Amino acid sequence: MGSCLLTGGAGFIGSHLCERLLAEGKRVICLDNLSTGNLKNIEPFLKNPRFCFIQHDVTKPIEINEDIEYVLHFASPASPIDYIKLPIQTLKVGSLGTHNALGLAKAKKAKFLLASTSEVYGDPLVHPQPETYWGNVNAIGPRGVYDESKRFAEAITMAYHRVHKIDTRIVRIFNTYGERMRREDGRVIPNFITQALTNQPLTVYGAGNQTRSFCYISDLIEGIIRLMDEDYHLPVNLGNPTEISVIELAKLIIQITESKSKIEFKPLPQDDPKKRMPDISLAKKILNWEPKVKFEEGLKRTISWFRQIL
Ligand code: UDP
């Protein structure tokens with residue numbers, strides 16, 4: 001049975017992917033420097049003999065003395081407040097980190113999957129966003145550190161595929177939510193749920209008419225698992241194409257949690273994308289995949305998680 005090496009395996013998405021790969025019978029080597037990941041996320045897997053955790057910063061060379069079948073590169077700060085706080089680390093993990101992860105895949109003759117992002121589309125001028133759209137990114141703005149590091153990561157992944165014939169995949173992940181997001185994550189769903197459950201005002205940035213489309217974690221993981229085995233090397237969008245405005249989201253979370261919280265308007269961060277929604281026709285066609293979990297259902301599960309950790 002081949003081993004999977006997952007960078008960023010102690011993070012939100014990474015830990016769910018570790019769990020699923022273990023359930024599929026794989027051996028999983030999880031690398032994480034715990035800068036935004038958390039040991040708690042992987043604690044239940046530590047007693048599994050097929051699981052191994054190595055605390056390592058993947059911007060430094062990765063040495064592993066065993067066969068590896070698959071390298072999955074998920075390490076990176078991913079919440080705007082994190083990558084704005086850690087701009088250089090974000091640029092390094094997308095560039096040096098991706099180079100090291102690809103180098104490992106090359107040395108081990110392993111397959112490779114890159115976690116990319118809808119941020120490669122920047123503040124999109126095409127809606128919804130298909131993979132063929134090249135994006136509208138401000139390279140030197142506060143979000144540029146994440147957007148450009150992921151764009152570089154995609155470029156070097158395709159170069160390793162073309163030059164070294166590495167068997168690569170690229171997934172462009174749109175907004176995802178669910179259990180194991182951090183209380184202090186800073187992204188909109190953890191913020192609103194935490195605020196609603198503690199009767200604090202929900203902080204809506206701008207007028208709240210910007211939109212996002214949220215995918216529940218189990219749907220995303222299913223898409224990634226399907227892509228891992230597909231012979232397709234160009235980027236594939238994974239996300240839920242149900243669009244909602246931030247203000248509607250705030251009202252929905254207040255309603256589901258039966259909270260007494262009010263809404264408070266705060267300044268809109270620079271370069272905040274006005275609209276975002278994935279075009280998932282490609283994933284439907286090649287992976288026979290589409291999200292199954294309804295938004296209210298996913299929110300309820302996420303709210304119960306936050307009730308436990310608050
Ligand atoms: N947002 C908000 N209040 C918050 C956090 C975020 O209104 O407390 C908005 C943010 O401005 C953006 C959207 O919610 O328009 C989604 O932000 P998030 O940080 O979740 O991720 P993004 O999709 O921008 O990467």
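Residues numbered from 1 in each chain as written. Predicted model: local features only at pLDDT ≥ 70, side-chain atom pairs only at ≥ 80, totals over all residues. Heavy atoms only, no water.

S.K.: I'm lost on the overall build of the protein chain in this one. Help?
M.R.: In terms of regular secondary structure, the protein chain is built from ten helices and 13 strands. Each principal axis of the C-alpha atoms in the protein chain carries an extent, and together these give about 55 × 45 × 40 Å. Within the span of the protein chain, comprising 310 residues, buried residues form 55% of the whole. A total of about 13,900 Å² of accessible surface is found on the protein chain, and carbon and sulfur atoms cover 53% of it. (Helix = DSSP H or I, 4+ residues; strand = E, 2+ residues; numbered from the N terminus. Buried < 20%, exposed > 50% of the residue type's maximum accessible area, 1.4 Å probe, protein only. Areas by Shrake-Rupley, 256 points an atom, 1.4 Å probe, with all protein chains shown as cover.)

S.K.: I tried to follow the side chain of E179 on my own but got confused; where do I start?
M.R.: Examined against the element boundaries, E179 turns out to sit in the loop between β7 (176-177) and α6 (188-197). Despite its burial, E179 pairs with no opposite charge; the closest candidate is R301, at 5.7 Å N-O. Among the polar contacts made by the side chain of E179, one reaches the side chain of Y216 at a distance of 2.7 Å. The contact partners of E179, leaving out residues within four places of it in the chain, are F12, H16, Y216, I217, R301, T302 and W305. (Lys, Arg positive; Asp, Glu negative; His and termini not counted. Salt bridge = Lys/Arg side-chain N within 4 Å of Asp/Glu carboxyl O. Polar contact = N/O pair within 3.5 Å; in protein donor to acceptor, adjacent residues only side chain to side chain. Contact = heavy atoms within 4.5 Å.)

S.K.: Would you explain helix α8 (residues 246-257) in this entry?
M.R.: Residues that lie three or four places apart on an α-helix share one face, since the helix turns once every 3.6 residues. Its twelve residues place the ends of α8 16 Å apart at the C-alpha level, agreeing with the 16 Å of an ideal helix rising 1.5 Å per residue. Taking burial as the measure, the twelve residues of α8 include nine buried ones, the bulk of the element. Among all positions of α8, only V246, I247, L249, A250, L252, I253, I254, I256 and T257 are buried. Each element contacted by the buried residues of α8 is listed here: α6, β8 (202-205), β12 (243-245), β13 (263-266) and α10 (295-309). Directly beyond the C-terminal end of α8, a positive phi value near 50° is found at E258. (Expected span 1.5 Å × (residues − 1).)

S.K.: Got a minute to help me understand the sheet that holds strand β1 (residues 3-7) in this structure?
M.R.: For sheets, the rule is that strands pair by backbone hydrogen bonds, running either parallel or antiparallel. Judged by pairing direction, the sheet is parallel, and its seven strands sit side by side in the order β3-β2-β1-β4-β5-β6-β11 without closing on themselves. Where the open sheet ends on each side, the last strands, each with one partner, are β3 (51-55) and β11 (235-238). On average, adjacent strands in this sheet sit at an angle of 20° to one another, irrespective of strand direction. Of the strand pairs in this sheet, strand β4 (residues 70-73) and strand β5 (residues 111-117) are connected by four bridges, and their pairing is parallel. Paired with V71 across the strands is F112, a residue of β5. Strand contacts of helix α5 (residues 144-164): β5, β6 (168-173) and β11, with the helix running at about 155° to β5, the strand carrying the most contacts. Contacts from helix α7 (residues 217-228) reach β1, β4, β5, β6 and β11 within the one sheet, and its direction differs from that of β6 by about 160°. (Pairing = 2+ DSSP bridges. Axes fitted to C-alpha atoms, helices over the stretch in contact; angles between N-to-C directions.)

S.K.: What is the right way to read the packing of aromatic side chains from this model?
M.R.: Two aromatic rings, taken as a pair, are described by how far apart their centres are and by the angle between their planes. Counted by the stated rule, this structure contains seven aromatic pairs. Here the aromatic cluster, defined as three or more aromatic residues joined through ring pairs, consists of Y177, F214, Y216 and F295. (Phe/Tyr/Trp six-rings, centres within 6.5 Å; stacked < 30°, edge-to-face > 60°.)

S.K.: Would you take a moment to explain the nonpolar core for this structure?
M.R.: Across soluble globular proteins, nonpolar side chains show a tendency to be buried alongside one another. By size, the foremost hydrophobic cluster in this structure holds 60 residues, and its most contacted members are I13, L17, L72, F74, L113 and F295. By residue number, the principal contributor to this core is α8, which donates eight residues. Filtering out sequence-adjacent residues up to four positions away, L72 remains in contact with C4, L5, L6, T7, L17, L21, L113 and M228. Counting 23 residues, the second largest nonpolar core, distinct from the first, contains L5, L31, I156 and M158. (Core = buried A, V, L, I, M, F, W, Y, C linked by side-chain atoms within 4.5 Å.)

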